[in-house]
Amino acid sequence: MKYKKKLGGSTTSIPQPDKPLSNTPSISGSINNSYNSFKGFYAKAILFIKTNFIFCLLVSILIIVYIGLFFTDPITNEDIKKLNETAKVKCDKFTGTCPSGQKIITDKDCVSNICTTDNCCSFEFKCNTFQDQCPTGKVNDTTKTCPLDTGCTGSFCCVTSCQGFSAAQCGNELIVNSNNTCSAEVCSPNECCEPRKTCGSIDGKTNVPYLCPDNYKPKINNNNIVCPAGNINNCRDVCCDSFATIVEAPTPEPQSEPQSEPQSEPQSEPQSEPQSEPQSEPV
């Protein structure tokens, strides 16, 4: 490097110190060093495993188990109870035979997972055996078959009735049948309403009249009389009049006077035979 003095001075050179050699490796050198280090470590590890195979195997198993436990939730008592509840056996697995008149309660749990006749068999009853009083607005549906596991209860047998259902919801061509029952707490017209029957039309549509049974005669001008809801036989009392059948009493037969029995003549007493005198012996 040259240094020039100002104002016409002479040019002199200033000596510079020598730079030290750089120890910074190149990229290719770093890659080679890393590869050689890993290769040496891999060779040492393989040699260690080969010389201590059983020890390395046990350590590997323990490490795997530990990792599995670390990522697995522990089993609690509630989990065990749920498993026990899930494992309960029901009576649908019962392979025995129920006594006469009894049926298998398929959805009932077996006692200690052992299904027996006493536990799984029961008589089948209908709601006509239910004796308790139903709440207001509900009636006992005697046609329903009670569940085998719970029997006949009020919650099952007592259903909402059409008593008190508004006739306005049925219209002019339908009539309320208060004996009908409803599937839900609130009744619908489809459940409580039926065709309006008259003495002149048993179905409310055609002109087929109601025919009075024996010993009854139709009332005069009864075509427009409305029959009670329900069975067609309910029309009898409003469409027909009963008439008394005269039954002639049998005439009594004249009784004949009792004849006197002929008196028997008195019988004569038997006459005694004369006794013979004893003969004297000759002297």
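Bear in mind the structure is a predicted one, so any value in this text is a computation, not a measurement.

Participant: Quick one: what's the story with the overall build of the chain, residue by residue and with numbers?
Facilitator: In terms of regular secondary structure, the chain is built from 7 helices and 10 strands. Going through the 283 residues of the chain one by one, you find that 16% of them count as buried. Contacts in the chain between residues far apart in sequence, at least 24 positions, make up 33% of those at least 6 positions apart.

Participant: How would you summarise the packing of aromatic side chains if you had to cite specific residues and measurements?
Facilitator: For the coordinates displayed, the defined rule picks out 3 aromatic pairs. A centroid spacing of 6.4 Å and a plane angle of 25° characterise the contact between Phe-38 and Tyr-42, whose relative ring orientation is stacked. Placement of both Phe-38 and Tyr-42 in helix α1 (residues 27-51) is noted, with a separation of 4 residues, approximately one turn of the helix. Take Phe-38: its relative accessible area is 55%, and that puts it in the exposed class. Here the aromatic rings of Phe-123 and Phe-125 are separated by 6.4 Å at their centres, their planes lie at 55°, and the arrangement is tilted. Given a relative accessible area of 43%, Phe-123 falls into the partly exposed group. A relative accessible area of 43% means that Phe-125 is categorised as partly exposed. We note Lys-144 situated over the ring of Phe-156; from NZ or CZ to the ring centre the distance is 4.1 Å.

Participant: Break down the side chain of Lys-197 for me, citing the residues and quoting the values.
Facilitator: Within the element layout of this structure, Lys-197 appears in the loop between β8 (193-195) and β9 (216-218). Residue Lys-197 is classed as buried on the basis of its relative accessible area of 9%. There is a polar contact of 3.3 Å between the side chain of Lys-197 and the side chain of Glu-194. Within the structure, Lys-197 has its side chain in polar contact with the backbone oxygen of Gly-230 (distance 3.2 Å). Every residue in contact with Lys-197, bar those within four places of it in the chain, is listed here: Ile-202, Ile-225, Val-226, Cys-227, Pro-228, Gly-230 and Ile-232.

Participant: Tell me about the state of the cysteines, residues and numbers included.
Facilitator: Summed over all chains, the structure comprises 12 disulfides. Here Cys-98 engages in a disulfide with Cys-121; their sulfurs sit 2.0 Å apart. Its S-S torsion of approximately -80° makes the covalent link between Cys-98 and Cys-121 left-handed. Highlighted residues: Cys-98 in the loop between α3 (77-86) and β3 (102-104) and Cys-121 in strand β4 (residues 121-123), separated in sequence by 23 residues. Each member of the pair, Cys-98 as well as Cys-121, is classed as buried. Each sulfur of the disulfide joining Cys-199 and Cys-239 lies 1.7 Å from the other.

Participant: Describe the pattern of salt bridges, with residues and values.
Facilitator: For the coordinates displayed, the defined rule picks out 5 salt bridges. Across the pair Glu-185 and Lys-138 runs a salt bridge whose closest N-O atoms are separated by 3.2 Å. With Glu-185 in the loop between β7 (174-176) and α6 (189-192) and Lys-138 in strand β5 (residues 138-140), the pair connects residues that are 47 residues apart, well separated along the chain. Judged by its relative accessible area of 55%, Glu-185 falls in the exposed class. Residue classification places Lys-138 among the partly exposed positions, given a relative accessible area of 26%. Between Asp-237 and Arg-236 there is a salt bridge whose closest N-O contact spans 3.2 Å. By relative accessible area, Asp-237 is classed as exposed at 53%. Its relative accessible area of 31% is what places Arg-236 among the partly exposed residues.

Reading the values: rules and limits
- Residues numbered from 1 in each chain as written.
- Predicted model: local features only at pLDDT ≥ 70, side-chain atom pairs only at ≥ 80, totals over all residues.
- Heavy atoms only, no water.
- Helix = DSSP H or I, 4+ residues; strand = E, 2+ residues; numbered from the N terminus.
- Buried < 20%, exposed > 50% of the residue type's maximum accessible area, 1.4 Å probe, protein only.
- Contact = heavy atoms within 4.5 Å.
- Phe/Tyr/Trp six-rings, centres within 6.5 Å; stacked < 30°, edge-to-face > 60°.
- Lys NZ or Arg CZ within 6 Å of the ring centre and 35° of its normal.
- Polar contact = N/O pair within 3.5 Å; in protein donor to acceptor, adjacent residues only side chain to side chain.
- Disulfide = S-S within 2.5 Å.
- Salt bridge = Lys/Arg side-chain N within 4 Å of Asp/Glu carboxyl O.

None of this, on its own, says anything about what the molecule does.
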